[in-house]
Amino acid sequence: MTTPFRPASGRFCLGIDTGGTFTDAVVYDHGTDRVIAAAKTPTRHEDLYGCVVEAMTSVLNGGRGASADAIGAADVGLVAVSTTLATNALVEGAGRPAALVAIGFEPETLARVGLRAGAGEVTSERAGMPPAGNGRDRLTGSLASAPVVVVGGGHGAHGDERGPLDVDELERALDRVDASVEAYAVAAQFSVRNAAHELQARDAVRERTGKPVTCSHELSPRLGGPRRAVTTLLNAQLISVTARFTEAIRTAMESLQLDARLMVVRGDGSLVSADFMTQRPIETVLSGPAASVLGARHLARSTAADQEMLDADLLVVDIGGTTTDIAAIRNGAVVAADGNEDADTATVGGHATMVTALPTVTVGLGGDSEIRVPVDGSRGELAVGPRRVVPLCVAALQHPDVVLPMLRRQLEAERPLAEFGQVLLEATGVFTGHLSGRAGQNSLDSEIMRLVDGAGGALPLEDLKRSARWRGALERLERSGRVRRGALTPTDACVVLGLIDAGAGARAAREPDSLRHGKQEQSAPWDAAAARTGAELFSRQRDRYGVDVGTGAVDLCRRVINVALRSATEALLSVALGADGIAPGETRRQLAQTALDRRHRELERTVADVPSDATDERPANPLWGLLDSSESASVPLATDAAETRADRAPLARVDAGVGVPIVAIGAPAPTYAPLVAALLGTAAIVPDHAEVANAVGAAVAGVRITKQITVTAPRRGSYRAHWGDDPPIWHSLDEAREWATAQATEAVRAEADAAGASDAAITVDFQTRTAPSNGRELFVEATLRVTATGRPLQQ
């Protein structure tokens with residue numbers, strides 16, 4: 001008998017990813033570069049603390065590792081977390097109340113990014129002001145109602161003071177807004193060139209209110225004051241949300257006697273301390289997609305035979321329950337949709353921020369995406385996503401007395417209503433209160449919650465009034481997380497088609513608490529009858545032309561999977577086109593659609609040509625069978641694609657695909673990825689532990705701290721290094737560079753030490769920009785970037 005592997009004390013890293021559908025956990029050993037144990041548990045957004053404790057407990061008890069032996073708490077020296085908390089809060093408009101102090105900005109300048117304010121006054125849309133900004137920049141959710149305080153002050157482009165900070169007006173404004181907010185954001189014009197006024201205002205706000213304050217120069221060194229102000233306000237709205245989450249993680253660690261360093265993955269894929277996250281939570285947006293890229297590349301390197309291939313060009317796709325995240329990698333570096341290398345800035349919830357993040361593309365397509373009939377769609381068209389709902393097969397297990405009886409009763413109706421097959425589910429738990437923001441204050445919101453509660457936590461959607469006011473109230477409650485909608489999803493379609501393993505592994509991943517604890521004799525983790533009845537009911541829905549969208553449950557589910565596969569295929573092709581400098585929208589043009597349709601039909605014929613009795617020659621992937629035997633299989637998936645007659649060979653050769661391999665992760669990857677890759681004419685690599693790759697990404701992430709200092713020339717022969725609240729002037733560029741390098745190096749070393757990477761490597765990059773003038777080059781500005789990279793030491 002082989003002796004179980006036991007590392008030195010504190011050698012393991014516990015990686016956790018709280019995704020939209022699952023919370024994953026792995027125990028990773030950096031000494032042997034392998035996953036020791038892994039576990040999955042459903043994410044309960046209303047009780048993140050509970051599901052994190054459950055995931056931690058499961059993985060420390062051995063999870064799905066090779067050995068069933070438990071892992072001692074003393075063996076864990078680092079806990080690294082990837083979380084969608086900040087992203088979800090912004091997307092759902094559930095940030096906490098915060099005010100913006102804008103120093104030295106003209107109201108018209110702020111209005112261009114949707115901030116409505118007048119000089120010396122406090123304004124917000126709640127005060128009756130009309131919305132500001134154009135359609136693209138108009139602020140939404142909790143940001144739209146944030147009070148904005150505009151006071152005099154600010155600096156110029158070279159860091160010279162334009163006017164004194166009006167502290168008296170600031171203090172009067174604070175007295176008017178303080179009772180309605182929990183935190184403050186401070187943004188001054190050209191604060192990245194001189195932070196004096198932001199620091200002065202920060203001290204005044206803290207002294208007068210005692211509440212958290214975020215300064216814009218701390219979040220980004222880039223110019224663009226209004227956009228930096230929006231980023232800072234978003235950060236202020238997230239502080240209390242993430243502080244409670246961090247405290248919940250620490251409480252969970254204490255309950256399991258984990259005395260380890262706690263760190264969080266940023267959107268750029270680097271690790272920061274939990275204390276850093278509570279001060280600058282905006283930097284953790286897109287943490288999940290960043291972890292997926294890290295995890296996919298790390299696992300693929302240990303799986304693929306051709307290592308050089310994985311260090312060059314490839315596409316990474318994370319197929320999740322809520323979303324599908326895609327990244328393009330060229331020469332080993334993540335590239336943006338315009339082909340530029342390295343990091344980009346994040347856009348979350350429609351808000352363009354200055355937060356550095358890996359340039360991933362997120363599509364609202366997953367196993368728990370809602371299946372719907374587009375109101376403006378073509379004949380018989382189906383759509384999947386982007387809204388995440390609870391699959392009917394799961395909702396029926398949670399509420400067996402409501403969901404399946406509701407579906408059977410509705411199926412008996414002469415013609416189904418649009419609301420049929422949908423149910424409202426109440427969410428209750430630790431995190432509901434602070435994630436819900438101000439939802440529930442509206443009397444109509446309260447009435448809906450009363451109805452849901454009176455129905456035992458599950459209310460058929462048909463029981464609500466079908467007016468615009470009721471629809472608006474329902475949307476508010478769904479955004480706040482107080483209710484979730486149960487509806488037909490690709491997960492239900494997979495259950496109907498028999499594509500999901502109903503074994504113990506799936507049961508442990510999906511069963512609700514009530515079934516996992518005390519009812520483990522349940523024979524299946526799904527209510528297959530609810531999935532089939534819901535699909536049968538949905539197939540009777542009619543589109544705007546009066547045509548039934550399906551001819552029964554099985555045919556509908558085949559079409560749903562086909563649509564989901566095609567959507568994922570087009571998303572991957574769009575990212576590849578964008579990385580090559582081609583407009584991603586070309587994917588929707590007729591040539592590209594025709595090319596994809598022809599390859600789809602070729603795969604159909606390939607499957608159809610295999611003799612029915614030659615079962616050993618058929619591909620093992622069960623989805624290949626969906627390409628034939630369907631009444632809708634011969635219908636082109638593209639509404640504008642020209643179909644070639646079967647008795648005519650095409651004269652033109654039209655092709656579209658990708659020329660690099662696809663590394664696929666996520667629980668559905670083994671089933672979906674090979675077919676998506678075939679539709680794109682490439683190969684799919686599904687590495688070991690693909691279903692928990694995000695947690696692996698958190699575990700293998702490193703510390704990366706960058707400080708940037710800009711050097712300008714306010715006058716000929718003078719150079720100002722813009723750092724802090726009193727940027728000095730030097731008489732030579734070399735002197736300015738030397739001083740700036742010393743300041744930035746000291747700063748990155750201090751932050752790296754705080755993150756536990758005391759042996760971090762330091763790199764320095766200094767770029768000078770000049771412009772031609774009268775036959776010679778004139779200095780414009782220089783940019784210094786000092787970066788510290790390393791692994792955090794484990795406690």
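What you are looking at is a predicted structure, and each value in this text was computed from that prediction instead of being measured.

### Concerning the overall build of the chain
A count of helical and extended segments in the chain gives 25 helices and 30 strands. When each of the 795 residues of the chain is scored for burial, the buried share is 56%. Considering only contacts in the chain between residues 6 or more positions apart, those separated by 24 or more positions represent 69%. Counting only carbon and sulfur atoms, one obtains 48% of the accessible surface of the chain, whose full area is about 33,200 Å².

### Observations regarding helix α1 (residues 48-60)
In this model, α1 (13 residues) spans 18 Å end to end at C-alpha, consistent with the 18 Å of a helix rising 1.5 Å per residue. Among the 13 residues that make up α1, 10 are buried, leaving the element largely enclosed by the rest of the structure. Of the positions making up α1, those classed as buried are Leu-48, Gly-50, Cys-51, Val-52, Val-53, Glu-54, Ala-55, Met-56, Val-59 and Leu-60. Gly-62 sits one or two positions beyond α1 and adopts a positive phi of about 115°.

### Quick notes on unusual backbone geometry
The phi torsion at Phe-190 lies on the positive side, around 55°, for a residue other than glycine. Residue Phe-190 is classed as partly exposed on the basis of its relative accessible area of 25%. Located in the positive-phi region is Leu-286, a residue other than glycine, with phi close to 60°. Within the secondary structure layout, Leu-286 lies in the loop between α9 (274-279) and α10 (287-303).

### Side note on the packing of helix α17 (residues 490-497) against helix α20 (residues 528-539)
Contact geometry for α17 and α20: axes closest at 9 Å, N-to-C directions at 110°. The angle between α17 and α20 falls in the class roughly perpendicular. Along the contact surface, α17 presents Asp-492, Val-495 and Val-496, while α20 presents Ala-528, Ala-531, Arg-532 and Ala-535. Among the residues making up the contact of α17 with α20, the classes are represented as 5 nonpolar, no polar and 2 charged.

### Some details on helix α15 (residues 443-454)
Between its terminal C-alpha atoms α15 stretches 16 Å, which fits the 16 Å expected from 12 residues at 1.5 Å a residue. A positive backbone phi angle near 80° is found at Gly-456, which sits one or two residues after α15.

### Focus on the state of the cysteines
On inspection of all chains with the given rule, the structure shows 0 disulfides. This cysteine, Cys-393, is not joined by any disulfide, and Cys-494 carries the nearest cysteine sulfur, 9.5 Å off.

### Regarding the nonpolar core
Ranked by size, the top nonpolar core spans 69 residues in total, and within it Leu-315, Leu-556, Leu-572 and Leu-680 carry the most contacts. Considering every element that reaches this core, the biggest residue donor is helix α21 (residues 553-579), with 16 residues. Ignoring sequence-local partners within four residues, the contact set of Leu-556 consists of Leu-382, Leu-488, Ala-535, Phe-538, Ser-539 and Val-549. By size, the runner-up hydrophobic cluster in this structure holds 52 residues, among which are Ala-695, Val-711, Ala-721 and Ala-744.

### Looking at the sheet that holds strand β2 (residues 22-29)
Judged by pairing direction, the sheet is mixed, and its 6 strands sit side by side in the order β3-β2-β1-β4-β10-β11 without closing on themselves. For this open sheet the edge positions go to β3 (34-42) and β11 (271-273), each flanked by a neighbour on one side alone. For this sheet the average axis-to-axis angle between neighbouring strands, irrespective of direction, equals 25°. Bridge analysis of strand β1 (residues 12-18) against strand β4 (residues 76-83) gives 7 bridges, and the strand direction is parallel. Within the sheet, the bridge partner assigned to Gly-15 lies in β4 and is Ala-80. Of the strands in this sheet, β1, β2, β3 and β4 touch α1, which is tilted by about 145° from β3. Lying on the sheet, helix α8 (residues 225-255) is in contact with β1, β4 and β10 (261-265); it crosses β10 at an angle near 140°.

### Digging into the side chain of Glu-570
Checked against the element boundaries, Glu-570 lands in helix α21. Here the side chain of Glu-570 touches Arg-588 through a polar contact of 2.7 Å, side chain to side chain. Among residues more than four places away in sequence, those in contact with Glu-570 are Thr-587, Arg-588, Gln-593 and Leu-596.

### Quick word on the packing of α17 against α21
How two helices pack is summed up by the angle between their axes together with the distance between the axes. Where α17 contacts α21, the two axes come as close as 9 Å, and the packing angle between them is 130°. With respect to their mutual orientation, α17 and α21 come out oblique. At the point where α17 passes α21, the crossing takes the left-handed sense. Contacts from Pro-490, Ala-493, Cys-494, Val-496 and Leu-497 in α17 reach Ala-553, Val-554, Cys-557, Arg-558, Val-560 and Ile-561 in α21. Split by residue class, the contact of α17 with α21 holds 10 nonpolar, no polar and 1 charged.

### Structural notes on the pairing of strand β5 (residues 98-103)
For β5, a buried count of 6 out of 6 residues is recorded, marking the element as mostly surrounded by other parts of the structure. The alternating pattern of β5 places Ala-98, Leu-100 and Ala-102 on one face and Ala-99, Val-101 and Ile-103 on the opposite face, and all of these are buried. Of the pairings in the sheet, the one linking β5 to strand β7 (residues 148-151) comprises 4 bridges and is parallel in character. Across the sheet, Val-101 pairs through a bridge with Val-149, a residue of β7.

### Observations concerning the pattern of salt bridges
Applying the stated criterion across every chain, the model contains 26 salt bridges. Here Asp-178 and Lys-211 are joined by a salt bridge, their closest N and O atoms 3.3 Å apart. One end of the pair, Asp-178, is in the loop between α5 (167-177) and β8 (183-188); the other, Lys-211, is in the loop between α6 (196-209) and β9 (213-215), and 33 residues separate them in sequence. Note that Arg-769 is salt-bridged to Glu-781, the shortest N-O span being 3.7 Å. Note that Arg-769 is positioned in strand β29 (residues 761-773) and Glu-781 in strand β30 (residues 776-790), a separation of 12 residues in sequence. Judged by relative accessible area, Arg-769 falls into the partly exposed class, the value being 47%. Residue Glu-781 is classed as buried on the basis of its relative accessible area of 18%. One network of salt bridges, with partners in common, ties together Arg-266, Asp-268, Arg-280 and Glu-283.

Thresholds, definitions, all that
- Residues numbered from 1 in each chain as written.
- Predicted model: local features only at pLDDT ≥ 70, side-chain atom pairs only at ≥ 80, totals over all residues.
- Heavy atoms only, no water.
- Helix = DSSP H or I, 4+ residues; strand = E, 2+ residues; numbered from the N terminus.
- Buried < 20%, exposed > 50% of the residue type's maximum accessible area, 1.4 Å probe, protein only.
- Contact = heavy atoms within 4.5 Å.
- Areas by Shrake-Rupley, 256 points an atom, 1.4 Å probe, with all protein chains shown as cover.
- Expected span 1.5 Å × (residues − 1).
- Axes fitted to C-alpha atoms, helices over the stretch in contact; angles between N-to-C directions.
- Parallel < 35°, antiparallel > 145°, perpendicular 65-115°, else oblique.
- Nonpolar A, V, L, I, M, F, W, Y, C, P; charged D, E, K, R; others polar.
- Disulfide = S-S within 2.5 Å.
- Core = buried A, V, L, I, M, F, W, Y, C linked by side-chain atoms within 4.5 Å.
- Pairing = 2+ DSSP bridges.
- Polar contact = N/O pair within 3.5 Å; in protein donor to acceptor, adjacent residues only side chain to side chain.
- Left-handed = near helix turned anticlockwise from the far one by under 90°.
- Salt bridge = Lys/Arg side-chain N within 4 Å of Asp/Glu carboxyl O.

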